[in-house]
Amino acid sequence: VLVLVVIMFTANTKGVMLLPQNVNNLVAQNAYVFILATGMLFCILTGGNIDLSVGSVVCFVAAVGGKMMVLNNMNPYLTMLVMLITGIAIGAWQGFWIAYVRIPPFIVTLAGMLAFRGLSNVVLQGQTLAPMPDSYLALFNNYIPDPFGKEGFNVTCFVVGIIVCVVYVLLVLKNRADRAKKGYSVEAFGGAAIKMVLICAVILAFMFRLAQYKGIPNSLVWVVVIIAIYTYIASKTTTGRYFYAVGGNEKATKLSGINTNKVYFLAYLNMGLLAAIAGMVTMARLNSANPQAGTNFEMDAIGSCFIGGASAYGGTGTVPGVIIGALLMGVLNLGMSIMGIDQNIQKVVKGLVLLAAVIFDVVSKRKSFIVK
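Residues numbered from 1 in each chain as written. Predicted model: local features only at pLDDT ≥ 70, side-chain atom pairs only at ≥ 80, totals over all residues. Heavy atoms only, no water.

Draft legend 1. Region of the structure containing the packing of aromatic side chains. This model, assessed by the stated rule, comprises 14 aromatic pairs. Ring geometry for Y143 versus Y213: centroids 6.4 Å apart, planes at 75°, classification edge-to-face. Pair noted here: Y143 is in the loop between α6 (134–141) and α7 (155–181) and Y213 is in helix α8 (residues 189–213), with a separation of 70 residues, a long-range link. Residue classification places Y143 among the partly exposed residues on the basis of a relative accessible area of 23%. (Phe/Tyr/Trp six-rings, centres within 6.5 Å; stacked < 30°, edge-to-face > 60°. Helix = DSSP H or I, 4+ residues; strand = E, 2+ residues; numbered from the N terminus. Buried < 20%, exposed > 50% of the residue type's maximum accessible area, 1.4 Å probe, protein only.)

Draft legend 2. View of empty space enclosed by the protein. Here the structure, examined in full by the defined rule, presents 1 cavity of 30 Å³ or more. What the largest cavity holds in volume is close to 40 Å³. D51, V54, V57, I90, G91, Q94, Y268, M271, G272 and A275 together form the lining of the largest cavity. When residues of the lining of the largest cavity are traced back to their parent elements, those giving at least two are α3 (54–71), α4 (76–99) and α12 (260–286). (1 Å grid on protein atoms, 1.4 Å probe; cavity = no way out; pocket = protein on both sides within 12 Å on 5 of 7 lines; lining within 4 Å. Points joined across faces, edges and corners; volume = space filled by probe spheres on them.)

Draft legend 3. How the structure looks around the nonpolar core. Judged by nonpolar contacts, the single largest core of 72 residues is most densely connected at I35, L36, M40, Y136, M283, C305 and V319. Examining the composition of this core, we find that 14 residues originate from one element, α12, more than from any other. When sequence neighbours within four positions are dropped, the list of residues in contact with V319 reads T38, L41, F42, I227, Y230, T231 and A234. By size, the runner-up hydrophobic cluster in this structure holds 13 residues, among which are V6, L328, V331 and L334. (Core = buried A, V, L, I, M, F, W, Y, C linked by side-chain atoms within 4.5 Å. Contact = heavy atoms within 4.5 Å.)

Draft legend 4. View of the layout of surface pockets. Here the second largest pocket is characterised by a volume of approximately 720 Å³. Lining the second largest pocket we find 30 residues, and of these Y32, F297, D300, N333 and K350 sit closest to its centre. Mapped by element, the contributors of at least two residues to the lining of the second largest pocket are α2 (20–45), α12, α13 (297–307), α14 (319–338) and α15 (343–371). In terms of residue class, the lining of the second largest pocket is made up of 13 nonpolar, 13 polar and 4 charged. (Nonpolar A, V, L, I, M, F, W, Y, C, P; charged D, E, K, R; others polar.)

Draft legend 5. Up close: a nonpolar patch on the surface. A cluster of nonpolar residues, V348, L352, L355, I359 and V363, forms a patch on the protein surface that exposes about 430 Å² of accessible area. Examined against the element boundaries, L355 turns out to sit in helix α15. (Patch = residues over 30% accessible without salt bridge, like charges linked within 9 Å, V, L, I, M, F, W, Y side chains within 5 Å. Areas by Shrake-Rupley, 256 points an atom, 1.4 Å probe, with all protein chains shown as cover. Salt bridge = Lys/Arg side-chain N within 4 Å of Asp/Glu carboxyl O.)

Draft legend 6. Structural view of the side chain of R117. Residue placement: R117 occurs in helix α5 (residues 105–124). Of the side chains bearing the opposite charge, E298 lies closest to the buried R117, which forms no salt bridge; the N-O distance is 5.6 Å. A distance of 2.8 Å separates a polar atom in the side chain of R117 from the backbone oxygen of A293. (Lys, Arg positive; Asp, Glu negative; His and termini not counted. Polar contact = N/O pair within 3.5 Å; in protein donor to acceptor, adjacent residues only side chain to side chain.)

Draft legend 7. Representation of the packing of α2 against α14 within the structure. The geometry of α2 relative to α14 is characterised by a closest axis approach of 8 Å and an angle of 140° between their N-to-C directions. Here α14 runs oblique to α2, going by the angle between their axes. With respect to the hand of their crossing, α2 and α14 are arranged in right-handed fashion. Listed contacts from α14 to N22, L26, Q29, N30, V33, F34, A37, T38, L41 and F42 of α2 are V319, V322, I323, A326, L327, G330, V331, N333, L334 and I338. Here the residues of the contact of α2 with α14 sort into 14 nonpolar, 6 polar and no charged. (Axes fitted to C-alpha atoms, helices over the stretch in contact; angles between N-to-C directions. Parallel < 35°, antiparallel > 145°, perpendicular 65-115°, else oblique. Left-handed = near helix turned anticlockwise from the far one by under 90°.)

Draft legend 8. Examining α8 more closely. For α8, built from 25 residues, the straight-helix expectation of 36 Å at 1.5 Å per residue is met to within 8% by its first-to-last C-alpha distance of 36 Å. Of all the residues in α8, the buried ones are A192, M196, C200, M207, L210 and A211. Two residues or fewer after α8 comes G215, characterised by a positive phi angle close to 100°. (Expected span 1.5 Å × (residues − 1).)

Draft legend 9. Spatial organisation of a positive patch on the surface. On the surface, R179, K181, K182 and K236 cluster together into a positively charged patch. One can find K182 in the loop between α7 and α8. (Charge placed at Lys NZ, Arg CZ, Asp CG, Glu CD.)

Draft legend 10. Structural context of the side chain of T282. With respect to the helices, strands and loops of the structure, T282 is situated in helix α12. Beyond its immediate chain neighbours, meaning those up to four positions away, T282 contacts Y32, V58 and F297.

See the structure below:
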């Protein structure tokens, strides 16, 4: 679907959609979505629970950071540490009520959405604080330098793309060999080869376009590191599997000796941490802290998760799937903006896409249950 949508917008914009600068904008404008959606996935895995407060938390964390750096001239690195601690504290606060008092996540995070948006205005006193220190902006808005220094083409960027493809292919082949060695079923090599070729082609095309602009933006590095860490946690660690277990059947998980309260708490603690990082990225992109920052961010994150394959009932979903969902949302936003489509119509389209994804999930689950 993502590929088809890209092709459609490319045709309707006469190629403008895939201009190097627009590809770069797709990353820069949606970095916060990738980060928030990754955290939201772990909340949804626990049983379809969501966090409505993330947009307000992004705004509040940015307000705290903006006041420290702009008004008090504090060190950017110390400020970032305080912002992270603030996000973690908010996550712990909400996680406590959800996990140990068992107040519904919808109510707790709805209260947080209202409270932290109000606190943001209190901290900023309704004003916008700008500009941010250059040393802070450089961490998020600059580009990875190219030692080869080729005019009009960032060689380092394209080389990184090739390395990523090689690593991806090796990991797929190693995983197939491990599964075959243990006697597990493996996908036919022809199908796996086609998938590898297509994914590598997309990666190389993406990196080629970035190389034609300025190369790899720092914001992409932050996003890739977060995606890699959480993909590993979700698929390769015991703690990660607990989230799936709780979403699959909480009662059975609890009877098997797993502390389900702790799993809920960790989901929202982690969401607070990633909301703080998203607040840093957003503040750097806007070069300001303002009372309206983070508006509707929670909707983008939730939509990305469900469009990317996370189940509305919990227990199903992957980080790579969520990132594809976030990319689809980003492509829709960028493509419709380039075409000059009215903002209200854009909201209608995104709402229908989200509804279609959830309907597909619910109907397929029902058919699977009937077959069993």
